[in-house]
Amino acid sequence: MNRRQFLKEVMLWSAGLTLAAPKFSILSSVMAEEKPQALLSVAKGETYISLVSKVLAPLGGMKQFVQPGNKVVVKPNMGWDRTPEQGANTHPLVVKALVLQALEAGAAQVLVFDRTCNEQRRCYANSGIETAVADIGDSRARVEQIDRRKFIPVRIEKGKTLTEWEIYKDALDCDCYINAPVAKHHGLSGLTLGLKNSMGVIGGNRGRLHHDMGQSLADLATVIKPKLTVIDATRILLRNGPQGGDLKDVQKMDTLIASADPVAADAYATTLFGLTPDAIDSTVAAYKMGLGEMALNRVRVITA
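Residues numbered from 1 in each chain as written. Predicted model: local features only at pLDDT ≥ 70, side-chain atom pairs only at ≥ 80, totals over all residues. Heavy atoms only, no water.

Draft legend 1. Region of interest: the environment of Ile257. By the element assignment, Ile257 lies in strand β11 (residues 250-259). Overall, the relative accessible area of 0% leaves Ile257 in the buried class. As a C-alpha pair, Ile257 and Val55 span 202 residues in sequence and 6.9 Å in three-dimensional space. Those residues in contact with Ile257 that sit more than four places away from it in its chain are Leu40, Ser41, Val42, Val55, Thr229, Val230, Ile231, Ala265, Tyr268, Ala269 and Leu272. (Helix = DSSP H or I, 4+ residues; strand = E, 2+ residues; numbered from the N terminus. Buried < 20%, exposed > 50% of the residue type's maximum accessible area, 1.4 Å probe, protein only. Contact = heavy atoms within 4.5 Å.)

Spelled out as structure tokens, the structure:
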């Protein structure tokens, strides 16, 4: 029985036109049937500043996520001493556009940071992100050097593998956390997408997470909760990730993926590599924990 049939039975019974009481026991299944689909937007284009506006439009634009006066974090992947063309970091123009959009929505502050794998100053500079944000020329927006004193112990109540970890305070305290990973191959996890990007806001010995990385990333996702995920697939690193280096490993796709559902975003991005969502352990683990939708037939995909 669908929702319409159920409501019809209720109306007839209430009006005394039928003696058969509606089967209220089926209400849960009716409600499940009517559960809103996850919404995901995909857009293509070679002008990345306008491409960000294009991909956000079906979601209601940046004002759907950033309110006037908000403190916003835009978290790209800029963990590697690589140029934008090498595909190891989020493209600087994508980051710049997200910051601009947040400012236009009325953000009081926009911070951009990452705990890098290579030397921090070189990563920030050679990724192009530091310069791109500085070029905005707005004192409300800045690229922040990681301050290790800001890593605070956080209890992960719902964690199955992780029950406590150090997490960067600004990533937790902001009003709007925007996750902006690059889509690329990863030697250990298969791919690094949105859930994996949380590694850039945690402290401690990150190598410990490699033992059960998929579940660990899902555990972190119960406390690191982006309001918006924008996956940069303008260039995807097909091999030798996450660091890359050889331009032959990079495929230019000029694509962005955006969703408020972090699991759906990762699930869709996985298909760009010729894989299915269940090929990535973190996607499966996060889905099983109820953190989002991985079945793409239950995701409303809008091509912007």
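From this point on, the discussion continues.
Draft legend 2. Structural detail: unusual backbone geometry. Each neighbour pair has its own omega, and for Gly241 with Pro242 the value is 10°, a cis peptide bond. Within the secondary structure layout, Pro242 lies in the loop between β10 (228-237) and β11. Despite not being glycine, Asn240 shows a phi value in the positive range, around 60°. Here Asn240 shows up in the loop between β10 and β11. Classification of Asn240 by relative accessible area gives exposed; the value is 53%. Of note in this structure, Asp254 is not a glycine but carries a positive phi near 50°. In this structure, Asp254 sits in strand β11. A residue is classified by how much of its surface remains accessible, and Asp254, at 11% relative accessible area, is buried.

Draft legend 3. Structural view of the packing of helix α8 (residues 213-220) against helix α10 (residues 281-288). Axis separation between α8 and α10 bottoms out at 7 Å; the angle between their running directions is 45°. As judged from the angle between their axes, α8 and α10 are oblique. Note that α8 runs across α10; the crossing there is right-handed. For the pair α8 and α10, the contacting residues are Gly214, Gln215, Leu217 and Ala218 in the first and Asp281, Ser282, Ala285 and Ala286 in the second. Classifying every residue of the contact of α8 with α10 by side-chain character gives four nonpolar, three polar and one charged. (Axes fitted to C-alpha atoms, helices over the stretch in contact; angles between N-to-C directions. Parallel < 35°, antiparallel > 145°, perpendicular 65-115°, else oblique. Left-handed = near helix turned anticlockwise from the far one by under 90°. Nonpolar A, V, L, I, M, F, W, Y, C, P; charged D, E, K, R; others polar.)

Draft legend 4. Spatial organisation of the nonpolar core. Counting residues in each nonpolar core, the largest one holds 59 residues, and the members touching the most others are Val74 and Val99. Broken down by element, this core gets its largest block of residues, seven residues, from helix α4 (residues 92-104). Leave out the neighbours within four places in its chain, and Val74 touches Val95, Leu98, Val99, Val110, Leu111, Val112, Phe113, Ile178 and Ala180. By size, the runner-up hydrophobic cluster in this structure holds 17 residues, among which are Ile257, Ala269, Ile280 and Val299. (Core = buried A, V, L, I, M, F, W, Y, C linked by side-chain atoms within 4.5 Å.)

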